[in-house]
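# Examining the three-dimensional arrangement
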Amino acid sequence: MTNDNSNAMWGGRFAAGPDAIMEAINASIGFDKRLAAQDIAGSRAHAAMLASVDILSDTDAQAIREGLLTVLSEIEGGSFTFSTALEDIHMNVEARLKELIGEPAGRLHTARSRNDQVATDFKLWVRDQIDAAIQGIEALIRALLTQAEAGADWVMPGFTHLQTAQPVTWGHHMMAYVEMLGRDLSRFADARARMNECPLGAAALAGTSFPIDRQMTATALGFDRPAANSLDAVSDRDFALEFLGAASICALHLSRFAEELVIWSSAQFRFVALSDRFSTGSSIMPQKKNPDAAELIRAKIGRIFGANVALMTVMKGLPLAYSKDMQEDKEQVFDAADTLMLALAAMEGMVRDMSANRPALEQAAASGFSTATDLADWLVRALNMPFRQAHHVTGTLVAMAETKGCDLPDLSLADMQSVHDAINADVFDVLGVHNSVASRTSYGGTAPDQVRAQIARWQERLG
């Protein structure tokens, strides 16, 4: 016999009725409890400010500050009981504070709203994540610098379209990712500077009639200044969007590098060996060593991209000021921050542990007619040949070498002179891969001295 309740629209876990549905959709404590430390820090600063302008007595302010520290220790110690009936972290903390200190707890919310409170908490949390991301990026850059310094003069193929293009050095390739991550550092730093305005004191949306000191709370919480418009202060989530934007670009860089590590560690390339700590085996193929950490980084990046799109979608149609939609601003940011930090840590570990296969790199660098551009440049310099003609002559020589099944340095002088009789034996000085990379001395080029100069610049920058 079918229970009629099973056909109710809420069914299952919501069999208790519409009230259960409303509580489930309205409550945020399941995820915003991660803001506990920031919420309590904001409340302590607010209480101190209220006392300084005589809105709170010193006795009440002291009781509030001590009570909040007790609540924080309970949360950090795992003994705090969170209640979905109390909706969010703010009400959970305030309710426990009232149990601890009684009537003074009710004075804490004077001259503020949950709207400016949550904006402040979330900003503080995102700011902490930016600081953590900067530390993680700098650690990865240091690992790349170690690799670059060890292989500043190791030749390897440079690619375009994943086809052999020109020889470069291992150090130069590592430093390309250092430059990418350097831009990530600047993006996070820019976002941090721009977001560092305090919403607290904007109240619900219009400010407050109490004589509060917003600069005092801003300074106490490490902000540069109070946010200048109360409507914007409570409805702004640009800081979270900028964090996700910077995180997405950084994640993109990690994913590109992860893709290269997957390719390079294959049996067909053998450019690098990843350590056992960041690889796994196959359940049926004993010869396999899979670059799982790199593959998982490559896949997890989609969560960060998704978070970015999700929050933009939440915010795109909201009128000023606060709307309950904005409760959906946190879970994706929390997940994106966790994912980014995990990906940075995994990539740093892989880079520190991996070993480059110098002989395989050099062998690959010398294949695929990688010095063809050096030959064309020599024709221009030595024979005063227009570059377009030099390009044509070089292309003809490449076709000849391909037909003979050899590379350009293996062609005889007679072979070359059959294409252009002015070519002389000096041409062979530019056809070796070591000569090729050594010649690329322009600023930012792959010549070992240039690579070492860039390494030194970054080491000085990081201190």
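Thresholds applied
- Residues numbered from 1 in each chain as written.
- Predicted model: local features only at pLDDT ≥ 70, side-chain atom pairs only at ≥ 80, totals over all residues.
- Heavy atoms only, no water.
- Salt bridge = Lys/Arg side-chain N within 4 Å of Asp/Glu carboxyl O.
- Helix = DSSP H or I, 4+ residues; strand = E, 2+ residues; numbered from the N terminus.
- Buried < 20%, exposed > 50% of the residue type's maximum accessible area, 1.4 Å probe, protein only.
- Axes fitted to C-alpha atoms, helices over the stretch in contact; angles between N-to-C directions.
- Parallel < 35°, antiparallel > 145°, perpendicular 65-115°, else oblique.
- Left-handed = near helix turned anticlockwise from the far one by under 90°.
- Nonpolar A, V, L, I, M, F, W, Y, C, P; charged D, E, K, R; others polar.
- Pairing = 2+ DSSP bridges.
- pLDDT = per-residue confidence, 0-100.
- Contact = heavy atoms within 4.5 Å.
- Arc of directions from axis to C-beta.
- Phe/Tyr/Trp six-rings, centres within 6.5 Å; stacked < 30°, edge-to-face > 60°.
- Lys NZ or Arg CZ within 6 Å of the ring centre and 35° of its normal.

## A short note on the pattern of salt bridges
Within this structure, the stated rule accounts for 23 salt bridges. R107 is the salt-bridge partner of D60, the closest N and O atoms lying 3.3 Å from each other. Remark: R107 occurs in the loop between α5 (89-101) and α6 (114-150) and D60 occurs in helix α4 (residues 58-77); sequence separation between them is 47 residues. In this structure D60 comes out as buried when scored by relative accessible area, which is 15%. Residues E87 and R114 are paired through a salt bridge, measuring 3.2 Å at the closest nitrogen-oxygen approach. Pair noted here: E87 is in the loop between α4 and α5 and R114 is in helix α6, with a separation of 27 residues, a long-range link. For E87, a relative accessible area of 23% corresponds to the partly exposed category.

## A short note on unusual backbone geometry
With an omega dihedral of 5°, the bond running from L320 to A321 counts as a cis peptide bond. Tracing the sequence through the fold places A321 in the loop between α11 (292-315) and α12 (331-353). Despite not being glycine, D54 has its phi angle at roughly 65°, a positive value. Residue position: D54 is located in the loop between α3 (36-52) and α4. The class for D54 is exposed, based on a relative accessible area of 69%. Although it is not a glycine, A203 sits at a positive phi angle of roughly 60°. You can see A203 is positioned in the loop between β3 (197-198) and α8 (214-220).

## What about the packing of helix α10 (residues 238-264) against α11?
Remark: α10 packs on α11, axes separated minimally by 8 Å, with the N-to-C direction vectors making an angle of 160°. Between α10 and α11, the angle falls in the class roughly antiparallel. Judged by the sense of rotation from one axis to the other, the crossing of α10 with α11 is left-handed. Residues belonging to the contact of α10 with α11 are distributed by class as follows: 18 nonpolar, four polar and three charged.

## Things to note about the pairing of strand β1 (residues 155-160)
One ladder, built from five bridges, connects β1 with strand β2 (residues 163-169); its direction is antiparallel. Bridging across to β2, F159 finds its partner in T164. Hairpin connection between β1 and β2: a loop of two residues separates the two successive antiparallel strands, and H161 in this loop has a positive phi of roughly 60°.

## Here we look at the confidence of the model for the protein chain
On average, the protein chain scores 92 in pLDDT, and the residues at 70 or more come to 94%. Note on residues 1-10: pLDDT is under 50 here. Beyond four places in sequence and across chains, it has six contacts.

## Comments concerning the side chain of H90
Tracing the chain through its elements places H90 in helix α5. Assessed through its relative accessible area of 5%, H90 is described here as buried. Residue contacts for H90: discarding those within four places in its chain leaves D39, R114, Q117, V118 and D121.

## What about helix α13 (residues 358-365)?
Every buried residue of α13 is listed here: A360, L361, A364 and A365. Buried residues in α13, looked at end-on, bunch into an arc of 135°, giving them a common side. Turned more than 90 degrees away from the buried face of α13, the exposed residues are P359 and Q363.

## A closer look at the packing of aromatic side chains
Applying the stated rule across the entire model yields eleven aromatic pairs. Ring centres 6.0 Å apart and planes at 50° place the aromatic pair F188 and F243 in the tilted group. Of the two residues, F188 is situated in helix α7 (residues 170-195) and F243 in helix α10; the sequence distance between them amounts to 55 residues. Residue classification places F243 among the buried positions, given a relative accessible area of 1%. Cluster of aromatic residues (ring-pair linked, three or more members): F159, W170, Y177, F257, W264, F269 and F271. A cation over a ring is seen here: R127 above F223, with NZ or CZ 4.8 Å from the ring centre. A cation sits over an aromatic face here: K330 above F122, 5.6 Å from the ring centre.

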